[in-house]
Amino acid sequence: MDITNYFIGLLTGVSVTAFFIGKELYKYYTKCTIQQKQLDRILKLNDKIKKLKNFKSKTTNFNVGA
């Protein structure tokens, strides 16, 4: 009977520990995923702004020269 209780307690402890470790890993994964998506959006927006500035500078150069 003692060995059965030992294995039940061991299994319960392992299950609870695995649950909390999995929970923390999931939080870390979602945090990193969200940050990566935000970084991608910012880089995309930055590229659009650079293209717009280059386009404006090219059009103003043509207007000034004419």
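Residues numbered from 1 in each chain as written. Predicted model: local features only at pLDDT ≥ 70, side-chain atom pairs only at ≥ 80, totals over all residues. Heavy atoms only, no water.

Observations concerning the overall build of the protein
Heads up, the condition is: Only DSSP runs of H or I reaching four residues or more are called helices, and only runs of E reaching two or more are called strands; each is numbered from the N terminus. Exposed residues in this analysis have more than 50% of their type's maximum accessible area, buried residues have under 20%, and partly exposed residues fall in between, with area computed by a 1.4 Å probe over protein chains only. Calculation of accessible area relied on Shrake-Rupley with a 1.4 Å probe; when residues are assessed, cover is drawn exclusively from the protein chains displayed.
For the protein, the count of helices and strands is 1 helix and 0 strands. For the protein, with 66 residues in total, the buried portion stands at 0%. With an accessible surface of roughly 6,500 Å², the protein has 67% of that area assigned to carbon and sulfur atoms.

Observations concerning the pattern of salt bridges
Definition in use: Criterion for a salt bridge: a side-chain nitrogen of Lys or Arg within 4 Å of a carboxyl oxygen of Asp or Glu.
In this structure the tally under the stated criterion is 1 salt bridge. The shortest N-O distance in the salt bridge between Lys27 and Glu24 comes to 3.5 Å. Of the two residues, Lys27 and Glu24 are both situated in helix α1 (residues 2-65); the distance of 3 residues between them amounts to about one turn of the helix.

A few points about a nonpolar patch on the surface
What counts is decided by this rule: Residues with no salt bridge and a relative accessible area higher than 30% make up the patches, which join like charges within 9 Å and nonpolar side chains (Val, Leu, Ile, Met, Phe, Trp, Tyr) within 5 Å.
Side chains of Ile3, Tyr6, Phe7, Leu10 and Val14 sit close together on the surface and give an oily, nonpolar patch of about 530 Å² of accessible area. With respect to the helices, strands and loops of the structure, Leu10 is situated in helix α1. Overall, the relative accessible area of 43% leaves Leu10 in the partly exposed class.

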